[in-house]
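# Survey of secondary and tertiary structure
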Amino acid sequence: GESVGLHLPTLSVQEGDNSIINCAYSNSASDYFIWYKQESGKGPQFIIDIRSNMDKRQGQRVTVLLNKTVKHLSLQIAATQPGDSAVYFCADRSGTYKYIFGTGTRLKVLA
Amino acid sequence: DTEVTQTPKHLVMGMTNKKSLKCEQHMGHRAMYWYKQKAKKPPELMFVYSYEKLSINESVPSRFSPECPNSSLLNLHLHALQPEDSALYLCASSQIQLGANVLTFGAGSRLTVL
């Protein structure tokens, strides 16, 4: 389930299930989007990216979907594993250097 | 070398101290960034340097002073900080070209201001 408020939104999934993490962005001029994974005590780690001229991109066990009409991005993780437990952020770019991060979602994988 | 290295990993300082955070990359990236991250929050953009020149300053207080001595190094000088400045400071770098430029992050410097 999800919880909001003072804490990060949290998504809890059973090991082996698929996870879907959502992100909304506000700038319609954003042309490039990145998903990052951040584990406790570490910097954000690149997962997958997508340019605004695409609506879907697949990697190994991950898929990113982009809906520019509603300014929405999602990250799908197939067969979620305990090592996927982390906080996930989307980032969008407007201009050459301005990368802005979304709120973030904590993914908890239940054994 | 595909890493961004940040030092120190942890820093504790008083409000009257002067200290510096350092960042280094050898990937040939010509854009370097400072982000600030508070607990349970996303990274917030502070500064961007491109070709060693300051391109973006997100209205950061002057008690934070960035410096880019060369294309591989980025510093953040700290002076007269407040306790609310305690946070994880992340450095990142990227290429400068049309298209997809992934930000590569370091592990961060965790700053505590007493």
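In case you missed it, the structure is sitting above this.
Now for a look at the structure at hand. Keep in mind it's a predicted model, so treat the numbers as computed, not measured. (Residues numbered from 1 in each chain as written. Chains lettered and ligands numbered in written order. Predicted model: local features only at pLDDT ≥ 70, side-chain atom pairs only at ≥ 80, totals over all residues. Heavy atoms only, no water.)

### Some details on the sheet that holds strand E2 (residues 19-24) of chain A
All names here are of chain A. Applied cut-off: The criterion for strand pairing is that DSSP finds at least two bridges linking the strands in question. Runs of H or I in DSSP of at least four residues are treated as helices and runs of E of at least two as strands, each being numbered from the N terminus. Only the contacting stretch of a helix is used when fitting its axis, a line to C-alpha atoms as for every element, and angles between N-to-C directions run 0 to 180 degrees.
Overall, antiparallel pairing links the 4 strands, which are arranged E2-E7-E6-E5 in an open sheet. Since the sheet does not close on itself, it has two edges, and those belong to E2 and strand E5 (56-58), each with one partner. Taken over all neighbouring pairs, the strand axes of this sheet differ in orientation by 15 degrees on average, direction set aside. Relative to strand E7 (residues 72-77), strand E6 (residues 62-67) is paired through 6 bridges, and the arrangement is antiparallel. Its bridge partner lying in E7, Leu65 is registered against Ser74.

### Side note on the layout of surface pockets
The line we're drawing: Grid spacing is 1 Å over the protein atoms alone, the probe is 1.4 Å, and a cavity is where that probe fits but cannot get out, while a pocket is an open set with protein on both sides within 12 Å along at least five of seven lines and lining residues have an atom within 4 Å of a point. Grid points are joined across faces, edges and corners, and a volume is the space filled by probe spheres set on the points. Note on residue classes: Ala, Val, Leu, Ile, Met, Phe, Trp, Tyr, Cys and Pro are nonpolar, Asp, Glu, Lys and Arg are charged, and everything else, Gly too, is polar.
Quantified by volume, the largest pocket comes out at close to 310 Å³. Around the largest pocket, the lining comprises 17 residues; the ones closest to its centre are Gln38, Ser40 and Val87 of chain A together with Gln37 and Lys40 of chain B. Classifying every residue of the lining of the largest pocket gives 6 nonpolar, 4 polar and 7 charged.

### Topic: the packing of aromatic side chains
Inclusion rule: Pairs were defined over the aromatic rings of Phe, Tyr and Trp, the Trp ring being its six-membered one, requiring ring centres within 6.5 Å. Orientation was assigned from the angle between planes: stacked under 30 degrees, edge-to-face over 60, tilted for the rest. For every residue, the accessible area obtained with a 1.4 Å probe (protein chains only) is divided by the maximum for its type, and the residue is called buried under 20%, exposed over 50%, and partly exposed between those limits.
The tally for this structure, following the rule as stated, stands at 11 aromatic pairs over all chains. When the ring of Tyr36 of chain A is compared with that of Phe105 of chain B, the centres are 5.4 Å apart and the planes differ by 90 degrees; the resulting orientation is edge-to-face. A residue pair is termed interchain when its members come from two chains, as with Tyr36 of chain A in strand E3 (residues 32-38) and Phe105 of chain B in strand E10 (residues 104-105). The exposure class of Tyr36 of chain A is buried, given its relative accessible area of 0%. Both rings, one in Phe101 of chain A and one in Phe105 of chain B, keep their centres 5.9 Å apart while their planes meet at 75 degrees; by these two values the pair is edge-to-face. You can see Phe101 of chain A sitting in strand E9 (residues 98-101) and its partner Phe105 of chain B sitting in strand E10, one on each of two chains. According to the relative accessible area criterion, Phe101 of chain A is buried, its value standing at 9%.

### Thoughts on the sheet that holds strand E1 (residues 4-7) of chain B
Residue and element names in this part refer to chain B. Spatially, 4 strands are ordered E1-E3-E8-E7 in an open sheet, and the strand pairing comes out antiparallel. The open sheet has two edge strands with one neighbour each: E1 and strand E7 (64-70). Taking the axes of each pair of neighbouring strands and ignoring which way they run, one obtains an average angle of 20 degrees across the sheet. With 7 bridges joining them, strand E3 (residues 18-25) and strand E8 (residues 73-79) adopt antiparallel strand pairing. Bridging across to E8, Lys19 finds its partner in Leu78.

This is a description of form; function is not addressed.
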